[in-house]
Amino acid sequence: LSRREGHKLLTLVLFVKSGGGDSSRNSHSPRVLLGRKKRGFGQGFYNGFGGKVEASDASILTAAAREMKEESGLVPTDLALKGVLTFIWDDAEAEQSSPNAQPWDVHVYKCTECEGDVVETDEMAPVWMDVDKVPELYDGRMWEDDQHWHPLFFADKLFRGTFHFEKTTVLKHFTLEEVSEI
Ligand code: 6OG
């Protein structure tokens, strides 16, 4: 299932830090590192860090680690695959900004430990968010699929989903299920 004929492979990493232990914060919510995408496909949206798997990547997991480093400065040390999301677009704009074949299979990883320091890059403006505040971004500042799979992700469930978009960003229909293995 991880490599499907005709599907383009991408990665997405969400770095989650457990709450507590930080007296400067009132909340004990775990926090997640998001980036506001500064350019390219999905510009303006808050998202995890990731990108396309290249032929030179040894595996999907190492591709995820490479993209995380390139876009955030962090080297993830405990990536765990949590879900695979398939995205399908019906419009020309998506075809243009993503010349690679669709559908896209985005492998979603959770990371709880990283080495290095967070840096802003040309691609991403990083920001730590309380996980319980993330739904505030479902007002149009994130891809519309996120609000559906986030609850499974943040509850540490495994999932599979397929999301159909119109006009690049309008979610028309989707299927999503919790699975016991990926
Ligand atoms: P680059 O263009 O940066 O790779 N991505 C999506 N993420 C979410 N949450 N929802 C979507 O709905 C997405 N479509 C793409 C995958 C694009 C990055 O954006 C993610 C990659 O991490 C349609 O190389």
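On a predicted model such as this, the values are computed, not experimentally measured, just so you know. (Residues numbered from 1 in each chain as written. Predicted model: local features only at pLDDT ≥ 70, side-chain atom pairs only at ≥ 80, totals over all residues. Heavy atoms only, no water.)

Novice: Describe the nonpolar core, naming the residues involved and giving the relevant values.
Specialist: In terms of nonpolar packing, the biggest core is built from 28 residues, with Val32, Leu34, Phe87, Val108 and Trp149 touching the most fellow members. Looking at this core, the elements that each hand over two or more residues are strand E1 (8-17), strand E2 (31-37), strand E5 (80-89), strand E6 (104-111), helix H3 (146-154) and strand E9 (158-166). Top element by residues in this core is E1. It accounts for 4 residues. In terms of nonpolar packing, the next biggest core, distinct from the first, is built from 15 residues, Val13, Phe49, Ile60 and Met124 among them. (Core = buried A, V, L, I, M, F, W, Y, C linked by side-chain atoms within 4.5 Å. Buried < 20%, exposed > 50% of the residue type's maximum accessible area, 1.4 Å probe, protein only. Helix = DSSP H or I, 4+ residues; strand = E, 2+ residues; numbered from the N terminus.)

Novice: Quick one: what's the story with unusual backbone geometry, residue by residue and with numbers?
Specialist: Backbone geometry at Asp156 places phi at a positive 65°, although glycine is not the residue there. With respect to the helices and strands, the residue Asp156 is situated in the loop between H3 and E9. One non-glycine residue, Thr168, adopts positive backbone phi at about 70°. Mapped onto the fold, Thr168 is located in the loop between E9 and strand E10 (170-179).

Novice: Give a detailed account of the site of the ligand, specifying residues and quantitative values.
Specialist: For the ligand, the set of nearby residues contains 18 residues, the closest of which are Thr11, Asn47, Glu123, Asp145 and Asp146. A distance of 3.4 Å separates an oxygen atom of the ligand from a polar atom in the backbone of Gly51. Measuring from an oxygen atom of the ligand, one finds a side-chain N or O atom of Glu123 at 3.1 Å. Bound to the protein, the ligand loses 93% of the 530 Å² it would expose on its own. Elements with a contribution of two residues or more to the shell around the ligand: E1, E5 and H3. (Near = heavy atom within 4 Å. Polar contact = N/O pair within 3.5 Å; in protein donor to acceptor, adjacent residues only side chain to side chain. Areas by Shrake-Rupley, 256 points an atom, 1.4 Å probe, with all protein chains shown as cover.)

Novice: Could you give an account of H3, naming the residues involved and the relevant values?
Specialist: Along H3, the residues that are buried comprise Asp146, Trp149, His150, Leu152 and Phe153. In the core, the buried residues of H3 are packed alongside E1, strand E3 (46-47), E5, E6, E9 and E10. (Contact = heavy atoms within 4.5 Å.)

Novice: I'd like a rundown of the pattern of salt bridges, residues and numbers included.
Specialist: Under the counting rule described, the total for this entry stands at 11 salt bridges. In this structure, Glu70 engages Arg66 in a salt bridge whose closest nitrogen and oxygen atoms are separated by 3.2 Å. Here the residue Glu70 and the residue Arg66 both occupy positions in helix H1 (residues 60-72), the gap between them amounting to 4 residues, near one helical turn. Asp139 is the partner of Arg141 in a salt bridge, and the nearest nitrogen-oxygen pair spans 3.0 Å. (Salt bridge = Lys/Arg side-chain N within 4 Å of Asp/Glu carboxyl O.)

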